[in-house]
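Descriptive analysis of the structure
One-letter residues, chain by chain:
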Amino acid sequence: MKDQKAPNKRALRADAVRNEDALLEAAKEVFQISGVNAPVREIAAKAGVGIGTLV
């Protein structure tokens, strides 16, 4: 199968990349403590972003 890129795929803005990185790190920490019941609000708060950024 050929590797195909989606047409019109744009690179993420710098702030979006920072938010994504912060959310992934926060999620790792929260999931280690809370497991699959990790509260998304806690992940967002720990990452320093609003809940709307996460969902």
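Not measured: the values here are computed from a predicted model. (Residues numbered from 1 in each chain as written. Predicted model: local features only at pLDDT ≥ 70, side-chain atom pairs only at ≥ 80, totals over all residues. Heavy atoms only, no water.)

1. Considering the overall build of the protein chain
Check the secondary structure of the protein chain and you find three helices and zero strands. Counting over 55 residues, the protein chain shows a buried share of 16%. When contacts within the protein chain are restricted to residue pairs at least 6 apart in sequence, long-range pairs at least 24 apart make up 23% of them. Of the roughly 4800 Å² that the protein chain leaves accessible, carbon and sulfur atoms contribute 53%. (Helix = DSSP H or I, 4+ residues; strand = E, 2+ residues; numbered from the N terminus. Buried < 20%, exposed > 50% of the residue type's maximum accessible area, 1.4 Å probe, protein only. Contact = heavy atoms within 4.5 Å. Areas by Shrake-Rupley, 256 points an atom, 1.4 Å probe, with all protein chains shown as cover.)

2. Quick word on the environment of L54
Locating L54 in the fold gives a position in helix α3 (residues 51-54). Each C-alpha atom of the pair L54 and R41 lies 8.7 Å from the other, and the pair is 13 residues apart in sequence. Once you skip the residues sitting within four places of it in the chain, L54 turns out to touch L23, V40, I43 and A44.

What is shown is where atoms sit, not what they do.
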